[in-house]
Amino acid sequence: MKPRILGLDVGDRRIGIAISDPLRITAAGLETITRQNTHADVLAVSKLAERHGAVQIVIGLPLNMDGSVGAQAEKTKSFGRKLARVTGLSIVYEDERLSTVSAIRTLTLQGTKTGSNKELVDRQAAAIILQKFLDRREPPPSA
């Protein structure tokens, strides 16, 4: 099994999860976890990481529009630290500003109704966060 990277969009109610392909070129939505408590949420993500052979986790960091770190970003970093302790994996933070807006736009263009499907939006946002990380990290294959 080739090592993959997980991407997370951590919100107060749900965690959208995406996964890279084995070559780490593309990201796809995997699933959405409804939050219970930090301990249960960390264990759920940890099990997914193990099941899919993840070697790294990219977490969307909800910075303020001016780029500063606010309360939500601090909560996300705290979750990331706990996840790193439980999984032993490297955690990387990726600026997630406007990822939810992009997710809704992408899904709407595909003809998917997003109003009542928050889980799908969260998965798509996680895929956008992970794709942004993958695109910056890997040069695209040349034709």
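For the structure, see preceding data.
Residues numbered from 1 in each chain as written. Predicted model: local features only at pLDDT ≥ 70, side-chain atom pairs only at ≥ 80, totals over all residues. Heavy atoms only, no water.

**Some remarks on the overall build of the protein chain**
- Summing up its helical and strand segments, the protein chain has four helices and five strands in all.
- The order of helices and strands in the protein chain, counted from the N terminus, is β-β-β-α-β-α-β-α-α.
- The C-alpha atoms of the protein chain give a radius of gyration of 14 Å, which matches the 15 Å a tight globule of 143 residues would have.
- Counting only C-alpha atoms, the protein chain reaches 40 × 35 × 30 Å along its principal axes.
- Burial statistics for the protein chain: of 143 residues in total, 41% are counted as buried.
- For the protein chain, the exposed area adds up to about 7,800 Å²; of that, 53% sits on carbon and sulfur atoms.
- With 21 positive and 15 negative side-chain charges, the protein chain shows a separation of 2 Å between the mean positions of the two kinds. (Helix = DSSP H or I, 4+ residues; strand = E, 2+ residues; numbered from the N terminus. Rg over C-alpha atoms; globule rule 2.2 N^0.38 Å. Buried < 20%, exposed > 50% of the residue type's maximum accessible area, 1.4 Å probe, protein only. Areas by Shrake-Rupley, 256 points an atom, 1.4 Å probe, with all protein chains shown as cover. Lys, Arg positive; Asp, Glu negative; His and termini not counted. Charge placed at Lys NZ, Arg CZ, Asp CG, Glu CD.)

**Some remarks on the pattern of salt bridges**
- Taken as a whole, this structure holds four salt bridges when the rule is applied.
- With its nearest N and O atoms 3.1 Å apart, the salt bridge here joins Asp12 to Lys75. Here Lys75 lies in helix α2 (residues 71-87) and Asp12 lies in the loop between β1 (4-10) and β2 (14-20), a separation of 63 residues in the sequence.
- For Asp12, a relative accessible area of 52% translates into the label exposed.
- Lys75 sits in the partly exposed class, given a relative accessible area of 46%.
- One salt bridge in this structure joins Arg35 and Asp41, with 2.6 Å as the shortest N-O distance.
- The exposure class of Asp41 is buried, given its relative accessible area of 2%. (Salt bridge = Lys/Arg side-chain N within 4 Å of Asp/Glu carboxyl O.)

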